Amino acid sequence: MKNTPKTILFLFIALPSWIWAQENRFFKAPEGVSLVSTDLHIHTAFSDGSVWPNLRVEEALKEGLDLISITDHLEYQPHRSDLPNPDRNRSFDIAQKTANDSELTIIRGAEITRSMPPGHINAVFIENANKLLFPDDPIAGIKEANRQKGFVFWNHPNWEAHRKDGIARLDPLHIELIKEKLLHGIEVVNHITFSEEAIDIALENDLTMIGTSDVHKLTAWDFDIPQGGHRPMTFVLSKNESLNEIKKALFEGKTIVWFKELLIGKEEHLREVVKANLTASAPTYNKDELIAKIVLENHSANTLHLKYTGPYTFHQDGTIFKIDPYSKKTLEVKTLEVKTSLEFPFELLNGLIGQKKHLNFKILSP
Ligand SMILES: [Zn+2]
Ligand SMILES: [Zn+2]
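Residues numbered from 1 in each chain as written. Chains lettered and ligands numbered in written order. Predicted model: local features only at pLDDT ≥ 70, side-chain atom pairs only at ≥ 80, totals over all residues. Heavy atoms only, no water.

**Student:** When you look at the sheet that holds strand β16 (residues 328–334) in this model, what are you seeing that I'm missing?
**Tutor:** Working definition: the strands of a sheet are paired by backbone hydrogen bonds and lie parallel or antiparallel to each other. Reading across the sheet, the three strands line up as β12-β13-β16 and stay open at both edges, with antiparallel pairing between neighbours. Two strands lie at the open edges of the sheet, namely β12 (278–280) and β16, each paired on one side alone. Between one strand axis and the next, the sheet turns through 25° on average, direction left out of account. With seven bridges joining them, strand β13 (residues 291–298) and β16 adopt antiparallel strand pairing. Bridge pairing in β16 places V295 opposite T330. Packing against the sheet, helix α9 (residues 267–277) makes contact with β12 and β13, and its axis sits at approximately 45° to β12. (Pairing = 2+ DSSP bridges. Helix = DSSP H or I, 4+ residues; strand = E, 2+ residues; numbered from the N terminus. Axes fitted to C-alpha atoms, helices over the stretch in contact; angles between N-to-C directions. Contact = heavy atoms within 4.5 Å.)

Put into structure tokens, the structure is as follows:
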């Protein structure tokens, strides 16, 4: 009895956040796949961010992420006079200690901060950030990150400070880095910006598509989280939740990026995830009618904007409609004859598999 008030207090505090985290699994994983939600580009006060690393962990836990990397700038240290920061692994160490044995995994990372080319490069799954610090050499840090078997990607290739037209394009040095297999991914989404050109660079050069928050202040402010927004995330289609498999899947390019209402990825991966998140019930008919009722269900946290590309017309909708997150929608389909099953071909208008290219997929009812 002595513990009752404490227990009740615990339930009041812990239960709502637990429920929140459970509801925020974002997307249903395809069968046999672990869909790992990540943010691999985050700053703290240990470079030019405004917060201590523990807050990054708490944000990510509240938002229901599975894995993050704190990637402070190695070279750019504007808080140096207040925070001398001789050990570039400190922000990771503090975050790791905060995450302890929570649901959230922290991996070691750093932002190698060079002028263009090659620009800013993130290295994650590294062993020691200090060893990546080569202020006078544009690629020595990248080489060292590779020696540490890190996953290395090009940040914000569309950044207006480096590309005044906002168009991502490769310089000869990037081509060289890709050829030498020293660069493995590219951000198609960074913070609040998005690069269709980077999608095509990823496809043409077999780079992994990455989307990150690159947050410096608070995710809640930057991404309107209290109003239902979310930070950009990269979902890794991994065999399981082990770090080895997650890393392997990253190297294999098995990702989809979630940015605002857009889903971006290589065609086969995006199709796999979208098909797992939209299901259709069996057609039913009212007596003496030939109009099939089908219930579509969106199992994801994202609105699906769909265009039906099949032969039928609908009784209550046009061919373009949306299904809200975690919602159902009844379609009335004029099938001309009674059908026990139907195929629905759709174009996902907010699903990108290339520059201005939308995902086409089919689902079966039932
Ligand atoms: Zn940067
Ligand atoms: Zn950054």
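Picking up where we left off.
**Student:** Is there a simple way to explain the layout of surface pockets in this structure?
**Tutor:** Here the idea is plain: a probe the size of a water molecule rolls over the atoms and shows the empty space left. Of the volumes computed, that of the second largest pocket is approximately 340 Å³. Along the walls of the second largest pocket sit 20 residues, with H156, W159, N190, D214 and H216 positioned nearest its centre. Residue classes in the lining of the second largest pocket are distributed as four nonpolar, 10 polar and six charged. (1 Å grid on protein atoms, 1.4 Å probe; cavity = no way out; pocket = protein on both sides within 12 Å on 5 of 7 lines; lining within 4 Å. Points joined across faces, edges and corners; volume = space filled by probe spheres on them. Nonpolar A, V, L, I, M, F, W, Y, C, P; charged D, E, K, R; others polar.)

**Student:** Would you explain the coordination of the zinc ion (ligand 1) in this entry?
**Tutor:** Each pair of donors in an ideal four-coordinate tetrahedral metal site encloses 109.5 degrees, whereas pairs in an ideal six-coordinate octahedral site enclose 90 or 180 degrees. Only E111 (OE), H120 (ND1) and H156 (NE2) from the protein coordinate the zinc ion (ligand 1), and they sit 2.0 to 2.2 Å from it. Mapping the donors of the zinc ion (ligand 1) onto the primary sequence yields the spacing E-x8-H-x35-H. Taken as a pair, the zinc ion (ligand 1) and the zinc ion (ligand 2) lie 3.4 Å from each other and share E111 as a ligand. Exposure class is identical for E111 and H120. Each is buried. (Donors = N, O, S within 2.8 Å, 3.2 Å for Na, K, Ca; no water. Buried < 20%, exposed > 50% of the residue type's maximum accessible area, 1.4 Å probe, protein only.)

**Student:** What am I meant to see in the pairing of β13 here?
**Tutor:** For a regular strand, the rule is simple: side chains alternate between the two faces of the sheet. Bridge count between β12 and β13: three bridges; the pairing is antiparallel. By the bridge assignment, A280 is partnered in β13 with L296.

**Student:** Is there a simple way to think about the pattern of salt bridges in this case?
**Tutor:** A pair can form between side chains of opposite charge whenever their charged atoms are brought close. One pass over the full model with this rule turns up 16 salt bridges. A salt bridge links K287 to D288; the shortest N-O distance between them is 3.8 Å. You'll find K287 and D288 in the same group, each marked exposed. (Salt bridge = Lys/Arg side-chain N within 4 Å of Asp/Glu carboxyl O.)

**Student:** Would you mind showing me how to read the domain arrangement of the protein here?
**Tutor:** As assigned here, the protein comprises domain 1 (27–260) and domain 2 (274–365). Computed from C-alpha coordinates alone, the two centres of domain 1 and domain 2 are separated by 36 Å. Opposite the 12 residues of domain 1 that make contact, domain 2 presents 11 residues. Between domain 1 and domain 2, roughly 950 Å² of surface is buried when both sides are summed, and carbon and sulfur atoms account for 56% of that area. Among the residues domain 1 hides against domain 2, the three largest losses belong to F27, K28 and E196. Together they make up 51% of the total. Applying the counting rule to domain 1 against domain 2 returns zero salt bridges. The tally of links from domain 1 across to domain 2 stands at four residue pairs in polar contact (both at pLDDT 80 or more). Looking at the side of domain 1 that touches domain 2, the element that brings in the most residues is helix α6 (residues 196–205), giving five residues. (Domains from an automatic or database assignment. Buried area = accessible area lost by both parts, 1.4 Å probe. Polar contact = N/O pair within 3.5 Å; in protein donor to acceptor, adjacent residues only side chain to side chain.)

**Student:** Teacher, can you tell me more about the coordination of the zinc ion (ligand 2) here?
**Tutor:** Within the first shell, the zinc ion (ligand 2) binds the protein through H41 (NE2), H43 (NE2), E111 (OE) and D214 (OD), at distances of 2.0 to 2.4 Å. Here the zinc ion (ligand 2) binds four donor atoms, and the angle range of 79 to 162° at the metal identifies the geometry as irregular. Sequence spacing of the donor residues for the zinc ion (ligand 2), all on one chain, is H-x1-H-x67-E-x102-D. (Tetrahedral: all angles 85-135°; square planar, octahedral: opposite > 155°, others 65-115°.)

**Student:** Mind showing me how you'd approach empty space enclosed by the protein here?
**Tutor:** Taken as a whole and judged by the stated rule, the model has one cavity of 30 Å³ or more. Roughly 60 Å³ of internal volume is contained in the largest cavity. Lining the largest cavity are F46, I70, D72, H73, L74, Q77, N85, R88, S91, G109, A110 and A129. A breakdown of the residues in the lining of the largest cavity according to their chemical character gives five nonpolar, five polar and two charged.

**Student:** Is there a simple way to explain the side chain of T212 in this structure?
**Tutor:** If you trace the backbone, T212 turns up in strand β8 (residues 208–212). When residues no more than four places from it in sequence are discounted, the contact partners of T212 are D39, L40, H41, F153, E187, V189, N190, H191 and P232.

**Student:** Is there a simple way to think about the nonpolar core in this case?
**Tutor:** Generally speaking, nonpolar side chains in soluble globular proteins are found buried as a group. L278, L296, L306, F344, F346 and F361 are the most contacted members of the largest nonpolar core, which has 49 residues in total. Of all the elements, strand β17 (residues 342–354) adds the most residues to this core, at five residues. Counting the residues that make up this core, at least three belong to each of domain 1 (27–260) and domain 2 (274–365). Of all hydrophobic cores here, the second largest spans 30 residues; its members include W154, I178, V188 and F259. (Core = buried A, V, L, I, M, F, W, Y, C linked by side-chain atoms within 4.5 Å.)

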